[in-house]
Amino acid sequence: MPNFLSRLSLIIFIISLSFDVYAQKVEETEDAFFIKAIYDQVLSSSSCYDWLDHLSSNIGGRLSGSEAAARAVEYTRDMLDTLGLSRVHLQDCMVPHWERGEKEVVYMTSKKTGKRTNLDVLALGNSVATIATGISGEVVEVKSLDDLEKLGEAGLKGKIVFFNRPMDPTQIRTFNAYGGAVDQRVWGPTKASKYGAIGALVRSMTTKIDDIPHTGVTVNEEGNVKIPALAVSTMDAELLSATLKEGIVEVYIKTDCKTFEDAPSHNVIGEIIGSEFPEEIILVGGHLDSWDVGGGAHDDGAGCVHAMEVLNILTKLNYRPKRTLRCVLFMNEENGLGGGKAYAEASDKNNEYHLAAIESDAGGFTPRGFSADGHADIFSERYKNVSKWLPLLEPFGLSFSKGGSGADISPLKGQKGMLFGFRPDSQRYFDYHHTAADTIDAVNQRELEMGAAAITSLVYLIDKYGL
Ligand SMILES: [Zn+2]
């Protein structure tokens, strides 16, 4: 009898086990079908490319505090209003207001040959104006912030400092190369001013050699004199460096930049309230502001329309989320993070919980996956959990890696949810980043749509299973 009982329990065990396996297989098949349906929907009828075209071509460059940024807020709110979401609203924030003014003029003169050459430049965000007649000075080339200390006041006073360390071309992910060079742009001019430099030129942040200057933010450290600071194209950086090898070079700089009082602005938020766990928020976002030149198509109009499209697709597929899905278009990522900070402050104050936040701020290129980050208390276990979804995502070329998420969502880390950065192919991103060339023509519609589908697939899995 005991023998019979143990055999019976073994049979029951095997049946229940196989039922579990069967049930799991059914779930996996259902998920695979749904993810395919997401891709089908986006690739056959999505709005993200049209939205991006309007944002980058009709509204154009939309630096915080500008009229164009205000129009981008109105436009994206209106578009979210058409999607039939639970709620669309604007969240107040304060942002800096800096304007480039008239086109910059920079030329170099070789003391040896007397030859004068115009350089392709763009003032950096936060740069000041020169006097109306411009300024001139002898150029000193440096490769790092450490070089400034070595030269000191004796070597830098009255000079124009030229930062010329290229982005490391051997880095496979171009964002790592950017991270390794951008200290020159962010901190170089103000540190040079500390030693009496009167102006700064910074080699553009790109691995490509061309005549397109790349702007971006520079910081004015408290107590240091603010000096005109400009990005110079890589081609002209090479030329300037080569000319310096022949002898003394003098550079003339004229800028017209102005900094105004901080201005009120907004994050744009649309959400679908969850049916079972409305207090668990899954955020998808990008940043609505861009630099003033170009159309901010890859940076970061693409991220904004990705986030909007996630809610659009799931609605079109009649998907009813269990958790609250929230699209946030952050203001002022480029030069201050006013929007990201205001969002996190309000969220913490309201005791909100972001189960997950996903930021798309790496362009509209072919999706490769997601980098994941999170508070040390929760990260390892949840990273293991999301990795179980790889068999569903790998057929679409997606993987997970550990790493940073996004500047706007990283203040949410303390809520102990998971943070993800959408990671498309990075090889061409710095051909366009912060330039006049970042327009809709630089965006491939299909690649942009694939990105929206990739993010939607991850949102679907997080919503269905939690973390
Ligand atoms: Zn960006």
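Residues numbered from 1 in each chain as written. Predicted model: local features only at pLDDT ≥ 70, side-chain atom pairs only at ≥ 80, totals over all residues. Heavy atoms only, no water.

Re the packing of helix α5 (residues 174-181) against helix α6 (residues 183-194)
- For the pair α5 and α6, interaxial distance at closest approach is 6 Å and the crossing angle is 10 degrees. Relative to α6, the element α5 lies roughly parallel. Here Y178, G180 and A181 of α5 come into contact with α6, specifically with D183, Q184 and R185.
- For the contact of α5 with α6, a count of residues per class yields 2 nonpolar, 2 polar and 2 charged. (Axes fitted to C-alpha atoms, helices over the stretch in contact; angles between N-to-C directions. Helix = DSSP H or I, 4+ residues; strand = E, 2+ residues; numbered from the N terminus. Parallel < 35°, antiparallel > 145°, perpendicular 65-115°, else oblique. Contact = heavy atoms within 4.5 Å. Nonpolar A, V, L, I, M, F, W, Y, C, P; charged D, E, K, R; others polar.)

Points about the sheet that holds strand β1 (residues 87-99)
- Here we have 8 strands laid out as an open sheet, ordered β1-β10-β12-β11-β13-β16-β14-β15, and mixed in their pairing. Two strands bound the open sheet, and with one partner strand each, they are β1 and β15 (399-402). Adjacent strand axes in the sheet meet at a mean angle of 25 degrees, parallel and antiparallel pairs treated alike.
- Pairing analysis gives 4 bridges linking strand β13 (residues 353-359) to strand β16 (residues 418-424), with the strands arranged parallel. Paired with E359 across the two strands is G421, which belongs to β16.
- In the packing of helix α10 (residues 379-387) onto the sheet, the strands contacted are β13, β14 (367-374), β15 and β16, and the crossing angle to β15 comes to about 165 degrees. (Pairing = 2+ DSSP bridges.)

Points about the domain arrangement of the protein chain
- Per the domain assignment, the segments making up the protein chain are domain 1 (36-98 + 261-465) and domain 2 (103-256).
- Measuring from the centre of the C-alpha atoms in domain 1 to the corresponding centre in domain 2 gives 33 Å.
- Counting residues at the interface gives 18 residues for domain 1, matched by 22 residues for domain 2.
- Across the interface of domain 1 and domain 2, roughly 1,600 Å² is buried in total on both sides, 63% from carbon and sulfur atoms.
- Our enumeration of links across domain 1 and domain 2 arrives at 0 salt bridges.
- Linking domain 1 with domain 2 are 6 residue pairs in polar contact (both at pLDDT 80 or more). (Domains from an automatic or database assignment. Buried area = accessible area lost by both parts, 1.4 Å probe. Salt bridge = Lys/Arg side-chain N within 4 Å of Asp/Glu carboxyl O. Polar contact = N/O pair within 3.5 Å; in protein donor to acceptor, adjacent residues only side chain to side chain.)

Regarding the coordination of the zinc ion
- For the zinc ion, the full set of protein donor atoms is H287 (NE2), D299 (OD), D361 (OD) and D361 (OD), at a range of 1.9 to 2.8 Å.
- Considering all 4 donor atoms around the zinc ion, the spread of angles at the metal, 51 to 148 degrees, places the coordination shape in the irregular class.
- Sequence spacing of the donors to the zinc ion: H-x11-D-x61-D. Of the two residues, H287 sits in strand β11 (residues 277-287) while D361 sits in the loop between β13 and β14, which places them 74 residues apart along the sequence. (Donors = N, O, S within 2.8 Å, 3.2 Å for Na, K, Ca; no water. Tetrahedral: all angles 85-135°; square planar, octahedral: opposite > 155°, others 65-115°.)

Considering the nonpolar core
- F370 and F420 are the most contacted members of the largest nonpolar core, which totals 73 residues.
- Those residues in contact with F370 that lie beyond four places of it in its chain are I358, L398, S399, F400, S401, F420, G421, F422, R423, A454, I455 and L458.
- One finds L148, V161, A200 and A231 within the second-largest nonpolar core, a separate group that totals 28 residues. (Core = buried A, V, L, I, M, F, W, Y, C linked by side-chain atoms within 4.5 Å. Buried < 20%, exposed > 50% of the residue type's maximum accessible area, 1.4 Å probe, protein only.)

Considering the pairing of strand β6 (residues 160-163)
- Covered by surrounding structure in β6 are I160 and F162 together with V161 and F163, the residues of both alternating faces.
- One crossover worth recording links strand β5 (residues 135-142) to the parallel β6 by way of helix α4 (residues 145-156), and it is right-handed.
- Sheet analysis places β6 next to strand β7 (residues 199-203), joined by 4 bridges and oriented parallel. When the sheet's bridge partners are listed, F162 is paired in β7 with L201. (Right-handed = clockwise from strand over helix to strand, strands pointing away.)

Looking at the pattern of salt bridges
- In this structure the tally under the stated criterion is 24 salt bridges.
- A salt bridge links K191 to E221; its shortest N-O distance comes to 3.0 Å. Of this pair, K191 sits in helix α6 while E221 is found in the loop between β7 and β8 (229-232), placing the two residues 30 residues apart along the sequence.
- Looking at K191, the relative accessible area reads 26%, which means it is partly exposed.
- For E221, a relative accessible area of 24% corresponds to the partly exposed category.
- The partner of D256 in a salt bridge is K258, with the nearest N and O atoms 3.9 Å apart.
- One continuous salt-bridge network, built from bridges that share partners, spans E27, E30, D31 and K464.

So, the side chain of D236
- Relative to the elements of secondary structure, D236 occurs in helix α7 (residues 234-246).
- No salt bridge forms around the buried D236; measuring N to O, its nearest opposite-charge neighbour K103 is 9.9 Å away.
- In this view, D236 contacts N118, L119 and D120; residues no more than four positions away in its chain are not counted. (Lys, Arg positive; Asp, Glu negative; His and termini not counted.)

Concerning the state of the cysteines
- By the definition in use, this model includes 0 disulfides.
- A disulfide-free cysteine, C48 has its sulfur positioned 12 Å from the sulfur of C304, the nearest such atom.
- With no disulfide of its own, C304 has C327 as its nearest cysteine by sulfur position, at a separation of 7.8 Å. (Disulfide = S-S within 2.5 Å.)

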